[in-house]
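# Structural features, examined
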Amino acid sequence: IIYDIGGGITNGKKFKAVQIGGPSGGCLPESMLDLPVDYDSLIAAGAMMGSGGLVVMDEDTCMVDVAKFFLNFTQSESCGKCTPCREGTKRMLEILTRITEGQGREGDIELLENLAKNIKETALCGLGQTAPNPVLSTLKYFRDEYEAHIKEKRCPAGVCEKMLHYEISDACRGCGLCARQCPVQAISGSPKAKHVIDQNKCIKCGACMTACPFKAISKA
Ligand code: SF4
Ligand code: SF4
Ligand code: SF4
């Protein structure tokens, strides 16, 4: 569907994942691109047919951020009648938020899995029973991204803003363009000399990276 009918990934980017079945569906990796799109195959893979929608994501997507995005949606849809869904999804969202802000702790992955399993088994209706799916499927297929966030305080896709660091490399020619664009005067340096970013001042807006004509600024 993605390549033959949809024409593949735009801008020459690499395919990373597809979210199938709406906010309560699951995220499937590249290795499952040829999975038959039918009810049983999708359920077995940790996704579902749901609304039938496909959200295709490229290599610039952070899967922890994606899980947070979908859980945020289902959490706000929770009617509050039963405790597992009302409180459980809130707790899961808090953990995901911490992880994407660089405050992840050892044991968070296990805690998420435990909460997800309990919510799925005890929530009263389909919303709660399926709400943890995006978290479970990303944990299953993209666990290394969770580990990078928690253990290395690093977002491999360069999406989670609070974990980003903008750095100036030796390719800098000291033109000063970046410093003039920085809204918080975080960049300093003499003309024709390598400039530096004060990480304590940087608000991670990315304006310097866009401004540099020599591609001397990177984010990681
Ligand atoms: S599982 Fe259903 S009934 Fe329970 S709080 Fe969520 S939406 Fe309401
Ligand atoms: S990312 Fe924004 S705030 Fe940080 S150094 Fe660059 S321009 Fe300044
Ligand atoms: S814009 Fe690029 S080359 Fe110019 S000072 Fe900034 S980092 Fe260096």
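Cut-offs applied
Residues numbered from 1 in each chain as written. Chains lettered and ligands numbered in written order. Predicted model: local features only at pLDDT ≥ 70, side-chain atom pairs only at ≥ 80, totals over all residues. Heavy atoms only, no water. Helix = DSSP H or I, 4+ residues; strand = E, 2+ residues; numbered from the N terminus. Buried < 20%, exposed > 50% of the residue type's maximum accessible area, 1.4 Å probe, protein only. Contact = heavy atoms within 4.5 Å. Areas by Shrake-Rupley, 256 points an atom, 1.4 Å probe, with all protein chains shown as cover. Lys, Arg positive; Asp, Glu negative; His and termini not counted. Charge placed at Lys NZ, Arg CZ, Asp CG, Glu CD. Phe/Tyr/Trp six-rings, centres within 6.5 Å; stacked < 30°, edge-to-face > 60°. pLDDT = per-residue confidence, 0-100. Near = heavy atom within 4 Å. Nonpolar A, V, L, I, M, F, W, Y, C, P; charged D, E, K, R; others polar. Domains from an automatic or database assignment. Core = buried A, V, L, I, M, F, W, Y, C linked by side-chain atoms within 4.5 Å. Pairing = 2+ DSSP bridges. Axes fitted to C-alpha atoms, helices over the stretch in contact; angles between N-to-C directions.

### Some points on the overall build of the protein chain
The secondary structure content of the protein chain amounts to nine helices and seven strands. The dimensions of the protein chain, computed from C-alpha atoms along their principal axes, are 65 × 40 × 25 Å. Per-residue burial for the protein chain yields a buried fraction of 43% across its 220 residues. Long-range contacts, defined as pairs at least 24 residues apart, comprise 63% of the intrachain contacts of the protein chain with a sequence gap of at least 6. As presented, the protein chain carries roughly 11800 Å² of accessible surface, and 52% of it is formed by carbon and sulfur atoms. The positive charge centre, built from 26 side chains, and the negative charge centre, built from 26, are 7 Å apart in the protein chain.

### Considerations on the packing of aromatic side chains
Enumeration according to the criterion identifies one aromatic pair in this entry. Seen in terms of ring centroids, Phe69 and Phe70 are 5.3 Å apart; in terms of plane orientation they differ by 80°. Their pairing is edge-to-face. Judged by relative accessible area, Phe69 falls into the exposed class, the value being 56%.

### Concerning the confidence of the model for the protein chain
Interpreting fine coordinate detail is not advised for predicted regions of low pLDDT. Mean pLDDT for the protein chain: 94, with 100% of residues reaching 70 or above. Strand 5 (residues 187–188) holds the highest mean pLDDT among the elements of the protein chain, 98, whereas helix 1 (residues 39–45) holds the lowest, 91.

### Description of the site of ligand 3
In the neighbourhood of ligand 3, 14 residues make up the surrounding shell, with Cys172, Cys175, Gly176, Cys178 and Cys212 lying closest. Taken together, the residues of the shell around ligand 3 break down into 10 nonpolar, three polar and one charged.

### So, the site of ligand 1
The environment of ligand 1 is formed by Ser78, Cys79, Gly80, Lys81, Cys82, Cys85, Ala123, Leu124, Cys125, Leu127 and Gly128. A per-class count over the shell around ligand 1 returns seven nonpolar, three polar and one charged.

### A word on the domain arrangement of the protein chain
Split by domain assignment, the protein chain resolves into domain 1 (10–151) and domain 2 (165–219). Each of domain 1 and domain 2 has a C-alpha centre, and these two points are 36 Å apart.

### Quick word on the nonpolar core
Grouped together as the largest cluster of nonpolar side chains are 24 residues, with contacts concentrated most on Met92, Leu96, Ile99, Leu112, Val135 and Tyr146. Those elements giving two or more residues to this core turn out to be helix 2 (63–77), helix 3 (83–100), helix 4 (108–122), helix 6 (133–141) and helix 7 (143–151). Tallying contributions element by element places helix 3 first for this core, with six residues. Setting aside its immediate chain neighbours within four residues, Val135 contacts Ala67, Leu71, Met92, Leu96, Leu112 and Tyr146.

### Some remarks on the sheet that holds strand 1 (residues 15–20)
Ordered in space as 2-1-3, the three strands form an open sheet in which the pairing is antiparallel. In the strand order of this sheet, the two ends are held by strand 2 (26–29) and strand 3 (54–58), each with one partner. Across the sheet, the axes of successive neighbouring strands diverge by a mean angle of 25°, strand direction being ignored. Judged from the five bridges that link them, strand 1 and strand 3 form a sheet pairing that is antiparallel. In the sheet register, Val18 faces strand 3, and the bridge partner there is Val56. Across the face of the sheet, helix 2 comes into contact with strand 1, strand 2 and strand 3 while running at roughly 15° to strand 1.

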